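Here are the chains, one letter per residue:
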Amino acid sequence: QSLLCTSGAVHLFAMDDDLEDDFEPLGEEDPLDAENFNAIDYINRQFPNEASLGGLGLFINQLKAQEHDIEEGIKNAVRRQAAFGRRAKADLGDAKLAIRELFERIKAIKSKAEQSEELVSDVCRDIKSLDVAKRNLTLTVTALKRLVMLVTALEQLRSTAECRHYQQASSLIYAVEELSSHFQELSHVARVADLLERKAAVFSDLKQQILDDYMCLHGGIGSATRLEQLPEGWGTAAAKCVDAIGPGMKREVVTQFCLRLLEGYKDIFQPPKEASGLETAERRFAWLKRTLREYDDKYKSQFPESWRVPCGLCDLFCHVTRQHLVEILDATHHMVDPELMVRVLLKSIEFENELARKWATETPDDDAITLDAGHLNSAMPVLKYPDVLAAKTGRRSSTSSQTEAATEKAGADHFAPRFRGIISECFDAYLGTWVRHEEKQLLEVLQALTAADKMVSQENEENEEDEEVLQRYLYKSAPELFAAMRGSMQECSRFSTHNTLFDIFQVFRKVMSQYASKLSSLIPAAGHKACLDVEGVQAVCCAIGTAEYCDETLPLLEESLIKIISADFQDRIGFHDEQELLRSVVNRANEALVQSVNCSLDDAFNSMNRTNWAAFSQDVGDHSAFVGDISERLPKQFEPIAAHLSKIHYRFFCDKFVQSFVTRFVAEVHKCRKISERGAQQLLLDTALIKTTLLEAPVVAGHGRQMPTAYSNYVLREMGKAE
């Protein structure tokens, strides 16, 4: 046991690696090192029987010897460990000292590195200064060379311009522009500013010279002499020079040239001259065509095709013409012939479309032109030369500020104005005169048609399931009035699908309201108690047929308007109020017919009231006299109504009449007050006969036209209540 404890204690030491070499393991196979060592099992294995106990002493001696060796090893290890501890402390002190020395050396190296870095920075600073100086010197030398080149180029440009060597001048212009661009940032330097001013003066003189050369093509004082001084083919060379100067110069040349051409046009057509009126508008367009032919013959060779001078001429012509027409319309719109104004407007649109097709651009444009205020801003063409045009014409366009901004922003070489609307839009503010004229015309048509109106028949398919085609009667004025309104709509759609067309729609509403009033005047007043004659019945029936026709046709007219009017107005198109007026006419007319038939039965009901039913003692077997009168009168009264009303309105009339008749019949029975038993039997028989008459009269008057089952059921039910 002491051996085991000693062995366990040995394993608890944390010995130095060198000391571990002094101990040799007991052996890998030594059972004493086993983890599950059991002393009793070990002794039993060593001494399995009594005979083996003879070697017990030897075994004990071996263990003691082994124990002694272990104790000696432990002592030696403890001594050696103590010696090594002292040596470790000494080594630790040496290491600390070495570390301090290392830190001192590192500090020294760091200080030397900072000194080296400062030295390198000073060297690099000097190198950078030299590099900047070299670059500035290079830039200065380059700038001086460019300055010399610019001065030389300007002098050459001035001399070549004076000699009109425009071919060489065009190349020099590119060079001068390229060189001068390098000195824009140095314009604050006096010498550079003087040089740039000199360049601007040379360019200004060159521009004016080129303009004068082009203007001499028109003739005038000294033009012949100037043309003789121009070299052969100067136009092509001058065009290259103009292109080199920039698109602004090209626009100025084209504008000045075209405005000079337009001087003759303004001399003839400038208001208030004799030929400035609307009646001579076509002469304006003819003048432009002649001038374009003259340009092709005389001047075309002097201008490049890419300049599109004829296009610029057309554009300026349109702007000048627009201003002329505005002045004319502003002064005479209250007295101008609306038909003439519309003819000129349509001619202007045709002319604009022709120009738009001839000078087509890549920008998509509408095929049709509209002229209302709601779309002026979006369709307004860009005025390419507002300043020049304003100076020449003495007035400024209302949209010049917008067009100037658009022009500066565009800055494009390709001159392609939009022609659609450029002239015709000026009519928009004055189309109210035409609208009022159309209103007056339509009202006069309405008055003329209704003054000598005639009744006409029209075939009407009442029901798709019913193959019977019936006649309905209406006034001839209705189809003709709608034809006139469609004509106005189509005429207006040729030049406007916005405000003006909407104004025409409002005129249509007014016309239909007045027409409904005309139809209403044909119907007797609500308190009218007299029976209508045949002509009166026909008039009322025709009013119903006409109102029905108008009510059916107005949605078609509304649909046509919606198809052609601008989307901004589509939701405001509708004839709902007018349709309500027409339906009220139909209702009033039906009430008038019912009242007329009721009036025809007054005598019969008076006869019924005069009978003394309280003292009635006759035998019951035949109908009363008033019943015969009713049976005779009803088919006669129904016949003209059935002949002149459509099926649906005839049925509607019958329904209304039977409701009114049953109510009156019950009231008349109540007026009889005291009724004897035989009188009651007689009235019961009369009621049955009247019920039969109510069922048969509409069919007889309609020549066999059967009434719907609902009518028969109503008569049977209500007359049953009366019984």
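Keep in mind the model is a prediction, meaning the values are calculated, not measured.

Caption draft 1: A look at the overall build of the protein. Counting secondary structure elements, the protein contains 24 helices and two strands. The long-range fraction of contacts in the protein, counting pairs at least 24 apart against all pairs at least 6 apart in sequence, stands at 79%. For the protein, the computed accessible surface area is about 40,300 Å², with 52% contributed by carbon and sulfur atoms.

Caption draft 2: Looking closely at unusual backbone geometry. The omega torsion across Pro271 and Pro272 is 5 degrees, close enough to zero to call that bond cis. Mapped onto the secondary structure, Pro272 falls in the loop between helix 8 (247–269) and helix 9 (281–298). The backbone phi angle of Arg164 is positive, close to 60 degrees, even though this residue is not glycine. In this structure Arg164 comes out as buried when scored by relative accessible area, which is 13%. Even without being glycine, Arg308 reaches a positive phi, approximately 50 degrees. Topologically, Arg308 is positioned in the loop between helix 9 and helix 10 (309–332).

Caption draft 3: Summary view of helix 23 (residues 677–701). Spanning 25 residues, helix 23 covers 36 Å between terminal C-alpha atoms, matching the ideal 36 Å at 1.5 Å per step. At Leu695, helix 23 shows its strongest bend, of approximately 30 degrees, with the proline Pro698 following within four residues. With its phi angle positive at about 55 degrees, His703 sits one or two positions after the end of helix 23.

Caption draft 4: How the structure looks around the pattern of salt bridges. Within the structure shown, the criterion is met by 26 salt bridges. Residues Glu177 and Lys199 are paired through a salt bridge, measuring 3.4 Å at the closest nitrogen-oxygen approach. Of this pair, Glu177 sits in helix 4 (residues 166–180) while Lys199 sits in helix 5 (residues 190–215); the two residues are 22 residues apart in sequence, bridging distant segments of the chain. The exposure class of Glu177 is partly exposed, given its relative accessible area of 28%. Residue Lys199 is classed as buried on the basis of its relative accessible area of 14%. One salt bridge connects Lys563 with Glu559, and the closest N-O pair in it is separated by 3.8 Å. Of the two residues, Lys563 and Glu559 both sit in helix 18 (residues 534–564), four residues apart, roughly one turn of that helix.

Caption draft 5: Summary view of the packing of aromatic side chains. Scanning the entire structure with this criterion turns up 29 aromatic pairs. Aromatic side chains Phe47 and Phe59 sit 5.7 Å apart centroid to centroid with 85 degrees between the ring planes, which places their arrangement in the edge-to-face category. With Phe47 in the loop between helix 2 (39–46) and helix 3 (56–162) and Phe59 in helix 3, the pair connects residues that are 12 residues apart, well separated along the chain. Residue Phe47 shares its accessibility class with Phe59, and that shared class is buried.

Caption draft 6: Molecular detail of a nonpolar patch on the surface. A surface patch of nonpolar side chains, about 400 Å² in accessible area, is lined by Ile99, Leu102, Phe103 and Ile106. Along the polypeptide, Phe103 turns up in helix 3.

Caption draft 7: Spatial organisation of the packing of helix 9 against helix 10. Contact geometry for helix 9 and helix 10: axes closest at 11 Å, N-to-C directions at 160 degrees. Comparing their axes, helix 10 and helix 9 come out roughly antiparallel. In this structure, the crossing between helix 9 and helix 10 has a hand that is right-handed. For the pair formed by helix 9 and helix 10, the contact residues are Arg284, Phe285, Trp287, Leu288, Thr291, Leu292 and Tyr295 on the first element and Val309, Pro310, Leu313, Cys314, Phe317, Thr321, His324 and Ile328 on the second.

Criteria and thresholds
- Residues numbered from 1 in each chain as written.
- Predicted model: local features only at pLDDT ≥ 70, side-chain atom pairs only at ≥ 80, totals over all residues.
- Heavy atoms only, no water.
- Helix = DSSP H or I, 4+ residues; strand = E, 2+ residues; numbered from the N terminus.
- Contact = heavy atoms within 4.5 Å.
- Areas by Shrake-Rupley, 256 points an atom, 1.4 Å probe, with all protein chains shown as cover.
- Buried < 20%, exposed > 50% of the residue type's maximum accessible area, 1.4 Å probe, protein only.
- Expected span 1.5 Å × (residues − 1).
- Bend = angle between axes of the 7 residues up to and from the residue.
- Salt bridge = Lys/Arg side-chain N within 4 Å of Asp/Glu carboxyl O.
- Phe/Tyr/Trp six-rings, centres within 6.5 Å; stacked < 30°, edge-to-face > 60°.
- Patch = residues over 30% accessible without salt bridge, like charges linked within 9 Å, V, L, I, M, F, W, Y side chains within 5 Å.
- Axes fitted to C-alpha atoms, helices over the stretch in contact; angles between N-to-C directions.
- Parallel < 35°, antiparallel > 145°, perpendicular 65-115°, else oblique.
- Left-handed = near helix turned anticlockwise from the far one by under 90°.

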